[in-house]
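What follows is each chain in one-letter form.
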Amino acid sequence: MTLRVLGVDPGLTRCGFGVVDIEPNRRATLVGVTVVGTRADVALEQRLLAISNSIDEWLDRYTPDVLAVERVFSQLNVSTVMGTAQASGVVIAAAARRGITVALHTPTEVKAAVTGNGQADKTAVTKMVTRILRLDRPPTPADAADALALAITHAWRGSTAPVAGSRGQPGSGQTAAQRLWAEAEAKARRKIR
């Protein structure tokens, strides 16, 4: 049975969507890819609305089995992290309204799954996505390739992917690193309360 995955590389300025069908033998086929863009001078609520409308359209059009979203990590630029987290929240909520499972993947997991190297650069990821999907030319911009890489990663590593809301319990199918991440998140939530 073919698995259809919608990968999302979240962001306010550029939010990549990539739909991939994965056969049981791991053969991946591109179904659709786009990047939703909003200008920085547009009000935040309008930017989030544009992402919300676009993800609703893509979920309805492609009816994925699962949504794979890049897990937001802390970076030096807090405003960038906040925007990425807000875009992720809009996308995750849209999937939840439809009962679609959401899986979160770290950038390192995606790089390792697609290229074999968790420290690979964007050029290497794009090159491998192009090869895996048998494309004539690389998907652009990088956000499009990243969304496709997320979809491929989930299909290839889906049984170990943390699901949104997962607490990283032993036996949850998560890797040791994913369990440690979930434990760190839980610890941070306890400190906030």
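Thresholds applied
Residues numbered from 1 in each chain as written. Predicted model: local features only at pLDDT ≥ 70, side-chain atom pairs only at ≥ 80, totals over all residues. Heavy atoms only, no water. Helix = DSSP H or I, 4+ residues; strand = E, 2+ residues; numbered from the N terminus. Buried < 20%, exposed > 50% of the residue type's maximum accessible area, 1.4 Å probe, protein only. Areas by Shrake-Rupley, 256 points an atom, 1.4 Å probe, with all protein chains shown as cover. Phe/Tyr/Trp six-rings, centres within 6.5 Å; stacked < 30°, edge-to-face > 60°. Lys NZ or Arg CZ within 6 Å of the ring centre and 35° of its normal. pLDDT = per-residue confidence, 0-100. Contact = heavy atoms within 4.5 Å. Axes fitted to C-alpha atoms, helices over the stretch in contact; angles between N-to-C directions. Parallel < 35°, antiparallel > 145°, perpendicular 65-115°, else oblique. Nonpolar A, V, L, I, M, F, W, Y, C, P; charged D, E, K, R; others polar. Left-handed = near helix turned anticlockwise from the far one by under 90°. Salt bridge = Lys/Arg side-chain N within 4 Å of Asp/Glu carboxyl O.

Caption draft 1: Representation of the overall build of the protein. When helices and strands are counted, the protein shows six helices and five strands. Beginning at the N terminus, the succession of helices and strands in the protein can be written as β-β-β-α-β-α-β-α-α-α-α. Burial status across the protein gives 43% buried among its 193 residues. Per element, the accessible surface of the protein, about 10000 Å² overall, is 53% carbon and sulfur.

Caption draft 2: Region of the structure containing the packing of aromatic side chains. Per the stated rule, a full pass over the model turns up two aromatic pairs. On the basis of an interplanar angle of 55° and a centroid distance of 5.9 Å, the ring pair of Phe17 and Trp58 is categorised as tilted. Here the residue Phe17 occupies a position in strand β2 (residues 14–22), and Trp58 occupies one in helix α1 (residues 44–62), the gap between them amounting to 41 residues. Considering the side-chain rings of Trp58 and Tyr62, the 4.7 Å spacing of their centres and the 45° angle between planes classify their relative orientation as tilted. On the criterion of helical spacing, the pair formed by Trp58 and Tyr62 is a turn pair, its members being four residues apart in helix α1. An aromatic cluster is present here, built from Phe17, Trp58 and Tyr62 joined pairwise through their rings. If you follow Arg26 out to its NZ or CZ, it ends over the ring of Trp156, 4.1 Å from the centre.

Caption draft 3: Quick peek at the confidence of the model for the protein. When pLDDT is averaged across the protein, the result is 85; 79% of the residues are at 70 or more. Residue range residues 165–178 is modelled with pLDDT below 50. Its contacts to residues more than four positions away, or to other chains, number 21 contacts.

Caption draft 4: Quick peek at helix α4 (residues 122–132). Those residues of α4 that sit buried are Val125, Thr126, Val129, Thr130 and Ile132. Those residues of α4 hidden inside the fold are in contact with β3 (28–37), α3 (107–115) and α5 (142–157). Just past α4, the residue Arg134 takes up positive phi, approximately 55°.

Caption draft 5: Highlighting the packing of α3 against α5. At a minimum axis distance of 9 Å, the contact between α3 and α5 shows a crossing angle of 75°. With respect to α5, the axis of α3 lies roughly perpendicular. Together, Glu109, Val110, Ala113 and Val114 of α3 and Ala149, Leu150, Ile152, Thr153, Trp156 and Arg157 of α5 make up the contact between the two elements. Grouping the amino acids of the contact of α3 with α5 by side-chain chemistry returns seven nonpolar, one polar and two charged.

Caption draft 6: Spatial organisation of the packing of α1 against helix α2 (residues 78–97). At a minimum axis separation of 9 Å, α1 and α2 run at an interaxial angle of 35°. The two elements α1 and α2 meet at a crossing, and its hand is right-handed. Facing α1, whose interface residues are Leu44, Leu48, Ile51, Ser52, Ile55, Asp56 and Leu59, α2 presents Gln86, Ala87, Val90, Val91, Ala94, Ala95 and Arg97. Looking at the contact of α1 with α2 residue by residue, the class counts come to 10 nonpolar, two polar and two charged.

Caption draft 7: Main features of the pattern of salt bridges. Using the criterion set out here, one finds eight salt bridges in the structure. Among the salt bridges present, the one from Asp56 reaches Arg98, with a minimum N-O distance of 3.2 Å. Remark: Arg98 occurs in the loop between α2 and β5 (101–105) and Asp56 occurs in helix α1; sequence separation between them is 42 residues. For Arg98, a relative accessible area of 31% puts it in the partly exposed group. For Glu57, the salt bridge goes to Arg61, with nearest N and O atoms at 2.2 Å. With Glu57 and Arg61 both in helix α1 and four residues apart, this pair spans about one turn of that helix. With a relative accessible area of 47%, Arg61 lands in the partly exposed category. Linked through salt bridges whose partners overlap, the residues forming this network are Asp56, Asp60, Arg97 and Arg98.

Caption draft 8: Highlighting the side chain of Thr106. The topology assignment puts Thr106 in the loop between β5 and α3. If we skip the residues at most four places from it in the chain, Thr106 touches Arg71 and Phe73.

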